[in-house]
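One letter stands for each residue in the lines below.
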Amino acid sequence: MNDSGNQCIMQGIGVSPGIVMGRAFLLDRAKLKPTMEKIPSDQVTAETDRFLKAVANARRELQEAHDQAVANSVDSSLGQEHLYLFDVHLMMMDDKMLIDDSVKLIREKKINAEWALSLNVEKIGRIFSRMNDPYMRERQSDINHVAQRILRHLMRSDFDSIDKIASGVILVAHDLSPADTMQLNLSRVRAFVTDLGGRTSHTAIVARSMEIPAVIGLERATEMINGGDRLIVDGIEGRLIINPNPDQLRAYEERTERYHFFQEQLQRNRHLEPITRDGFTIELAANIETPEEIASALDHGASTIGLYRTEFLYLGRPDLPGEEEQYITYKGALEQVGEHGMTIRTLDLGSDKLAAVHHFHEDTINPAMGLRGIRLCLKHHDIFRTQLRAILRASVHGRAKILFPMISGLREWRQTVAFVDETKEELRRGGIPFDEHVKLGTMIEVPAAAVVADLLAREVDFFSIGTNDLIQYTLAVDRVNEHVSCFYEPLHPAVLRLLVQTIEAAHGNGITVSLCGEMAGEPVYALVLLGLGIDQLSMNALSVPYLKKILRESTFQEAQKLVQVCRTFSSAGEVEAYVHEQMANRFPDDFLMKL
Ligand code: PEP
Ligand code: MG
């Protein structure tokens, strides 16, 4: 951090791009800190009732916020994909561990409800913080939010009202729950900054889907900022400037203008063909986690949904989705994409994506190497069959392809196909229609699969390369561990060789190959991937216009030359440096290479 008088520049994590200048609205989210009071035995029942009444009031209030958000999402462009987070909070209000154990503490220790709740939340916090899974660790903050909501009712503190927010402000908060974020009135809040939060937090996801510029993880923003301070939020660089001086203001006014111009041009061209100057076409597709993202994906110019990560249907809920629920979801999604078509990936639970239902997870100290993806499905036939039946039944309602995650070789592939065949037979016997010709593809994300891609390509309808995992497993770098993130090198010669080998195997056997890892949406890698001859790049919807711009301003020939040079280097550093330099020269625009 760089301090000068009351001015200050802070560096955080830019999770949603855009530049906004405005006044700070400090959301008073100071944590309520209850104190302990002993209560006489004859008041224990009254104290328990007081606690349960506060829970009921907090629940009612949350339900109202949920209903409001539903109403807003119907008549605004905001999808309903994050409404389930309200459900998670509502569920927590009924949670045995949170509510019943607090009541038990009031009774057993004869203490006030506030203190009992705090002790209990502390205990739950200790359990959650020991969990390896970042998704579950993030649930700890949900529990804290829910507990604070109940505490406010117990302590009769007024909820700091988001309604009080004046027009056109930048919201500054210690932390925002996804539920808070969804309640933000978009016409009033232009950007937000928070002390807490990481790239994978739900707040970040909601910010991106709402397209509100946001910088999070600033650690001390609420300490440094006073309400009414003038702020500049740079969601591209992850930078926050407090009370900028005239030079900084001028520089940012100019930067904002350039950024808007840049965005306008991109948006104007988003529905053009992704074709290079020498006539080579590469398909640009979008990845989605929920069907509510389809409209935005198509609007950003994606020609198809290249990866639907269905495991998100299983997350953030206490049960497993049944066949009918899944069928309705997939059918609706396929009808919505229509002619564009959609690649539905079967569930890839395990590793960092754990469902609340634990019965099929195994304790392991190395979850990325544990029971995950297809292996979990092939072990838990009931879960796999339910999903396959739902996808196959839905396949008659649109253009579906089915993709299987974490296949490592032919044995797993053949087991998978045998299982699909059995499921199809079951449907046929029941007279239930499905698309008999639905294409079956495999993710290439386990290095072994890339090494035997030639063998797989003879039996598989299409490949989709998952570089997020392929890089993780090839370079032995945990993709969610910030301590080894500097070793995560997408252009490492080993990765490049695996990519080349996979693409050659696919094309040698007449099948298509997509790439759907995060790398696909990073502008700096666009020409390398084009030059490698990938047929489809599938990415987050926001990146589609950036990639389109690069492709339309390049030639396939120059991309091939770039790849040729890359393949002569012997270290990742050399390849990365060369590609960054070439791309910075080719696309000197200072925004494009940072997005
Ligand atoms: C990948 O591994 O690159 C991929 C697309 O799958 P996920 O990120 O869901 O593991
Ligand atoms: Mg993967």
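Located above this text is the structure these notes cover.
Novice: Could you give me a rundown of helix 17 (residues 467-475), with the residues and numbers involved?
Specialist: Of all nine residues that make up helix 17, eight are buried, and the element is covered over most of its length. For helix 17, the complete set of buried residues consists of T467, N468, D469, L470, I471, Q472, Y473 and L475. As for helix 17, its buried residues are in contact with strand 11 (305-309), strand 14 (439-444), helix 15 (447-451), strand 15 (462-465), helix 18 (493-508) and strand 16 (512-515). A476, located one to two residues past helix 17, shows a positive phi value of around 55 degrees.

Novice: Hey, could you go over the coordination of the magnesium ion (ligand 2) for me, with residue numbers and the actual values?
Specialist: The coordination sphere of the magnesium ion (ligand 2) contains the protein donors E445 (OE) and D469 (OD), at a distance range of 2.0 to 2.1 Å. With a gap of 24 residues between them, E445 in the loop between strand 14 and helix 15 and D469 in helix 17 connect regions that are remote in the sequence. The class for D469 is buried, based on a relative accessible area of 2%.

Novice: Which residues make up the pattern of salt bridges, and what values go with them?
Specialist: Throughout the structure, instances matching the rule amount to 31 salt bridges. With a closest N to O distance of 3.0 Å, R149 and E61 form a salt bridge. With R149 in helix 5 (residues 134-154) and E61 in helix 1 (residues 44-75), the pair connects residues that are 88 residues apart, well separated along the chain. Here R149 falls in the buried class, since its relative accessible area comes to 10%.

Novice: Residue-level account of the packing of helix 11 (residues 323-337) against helix 13 (residues 381-394), with values.
Specialist: Think of two packed helices as two axes; the pair is described by the angle between the axes and how far apart they sit. It is at 8 Å that the axes of helix 11 and helix 13 come closest, and there the two elements cross at 35 degrees. Seen from above, helix 11 lies across helix 13 with right-handed handedness. Where helix 11 approaches helix 13, its residues E323, E324, Q326, Y327, Y330, K331 and L334 are matched on the opposing element by T386, Q387, R389, A390, I391, R393 and A394. Counted by class, the contact of helix 11 with helix 13 contains six nonpolar, three polar and five charged residues.

Novice: Requested: an account of the packing of helix 13 against helix 14 (residues 410-429), with residues and values cited.
Specialist: Axis separation between helix 13 and helix 14 bottoms out at 10 Å; the angle between their running directions is 60 degrees. One way to sum up the angle between helix 13 and helix 14 is to call them oblique. Crossing angle aside, the handedness with which helix 13 passes helix 14 is right-handed. On the side of helix 13, the interface is formed by H381, F384, R385, L388, R389, L392 and R393, while helix 14 contributes T416, F419, V420, E422, T423, K424, E426 and L427. Along the lines of polarity and charge, the residues of the contact of helix 13 with helix 14 split into six nonpolar, three polar and six charged.

Novice: Describe the nonpolar core, with residues and values.
Specialist: Counting residues in hydrophobic clusters, the biggest one holds 108 residues, and the most contacted among them are F404, F463, L532 and L537. Top element by residues in this core is helix 18. It accounts for eight residues. A domain-level breakdown of this core finds at least three residues from each of domain 1 (2-29 + 160-262) and domain 3 (270-594). Once you skip the residues sitting within four places of it in the chain, L532 turns out to touch L496, L499, V500, I503 and V563.

Novice: With reference to specific residues and values, describe the packing of aromatic side chains.
Specialist: Taken as a whole and assessed by the stated rule, the structure comprises eight aromatic pairs. Look at F262 and Y546: their rings are 6.4 Å apart centre to centre, the planes differ by 25 degrees, and that puts the pair in the stacked class. Separated by 284 residues along the polypeptide, F262 in helix 9 (residues 246-268) and Y546 in helix 20 (residues 544-552) bring together distant segments of the chain. Residue F262 is classed as buried on the basis of its relative accessible area of 2%. Counting every residue linked through ring pairs, the aromatic cluster contains F384, F404, W413 and F419. Over the ring of F462 we find K401, and its NZ or CZ is 4.8 Å from the ring centre. Taking the ring centre of F587 as reference, the NZ or CZ of R586 above it sits at 4.8 Å.

Novice: Explain helix 22 (residues 572-586) residue by residue, including any values.
Specialist: Between its first and last C-alpha, helix 22 extends 21 Å over 15 residues, near the 21 Å set by a 1.5 Å rise per residue. Along helix 22, the residues classified as buried are A572, V575, E576, V579 and M583. Viewed end-on, helix 22 has its buried residues packed into an arc of 95 degrees, placing them on one side of the element. On its buried side, helix 22 packs onto helix 18, helix 19 (526-532), helix 20 and helix 21 (556-566).

Novice: Run through the side chain of H300, naming residues and quoting values.
Specialist: Examined against the element boundaries, H300 turns out to sit in the loop between helix 10 (294-299) and strand 11. A polar contact is formed between the side chain of H300 and the backbone oxygen of S296, at a distance of 2.8 Å. When sequence neighbours within four positions are dropped, the list of residues in contact with H300 reads E211, R270, A541, L542, V544 and P545.

Thresholds applied
- Residues numbered from 1 in each chain as written.
- Chains lettered and ligands numbered in written order.
- Predicted model: local features only at pLDDT ≥ 70, side-chain atom pairs only at ≥ 80, totals over all residues.
- Heavy atoms only, no water.
- Buried < 20%, exposed > 50% of the residue type's maximum accessible area, 1.4 Å probe, protein only.
- Helix = DSSP H or I, 4+ residues; strand = E, 2+ residues; numbered from the N terminus.
- Contact = heavy atoms within 4.5 Å.
- Donors = N, O, S within 2.8 Å, 3.2 Å for Na, K, Ca; no water.
- Salt bridge = Lys/Arg side-chain N within 4 Å of Asp/Glu carboxyl O.
- Axes fitted to C-alpha atoms, helices over the stretch in contact; angles between N-to-C directions.
- Left-handed = near helix turned anticlockwise from the far one by under 90°.
- Nonpolar A, V, L, I, M, F, W, Y, C, P; charged D, E, K, R; others polar.
- Parallel < 35°, antiparallel > 145°, perpendicular 65-115°, else oblique.
- Core = buried A, V, L, I, M, F, W, Y, C linked by side-chain atoms within 4.5 Å.
- Domains from an automatic or database assignment.
- Phe/Tyr/Trp six-rings, centres within 6.5 Å; stacked < 30°, edge-to-face > 60°.
- Lys NZ or Arg CZ within 6 Å of the ring centre and 35° of its normal.
- Expected span 1.5 Å × (residues − 1).
- Arc of directions from axis to C-beta.
- Polar contact = N/O pair within 3.5 Å; in protein donor to acceptor, adjacent residues only side chain to side chain.

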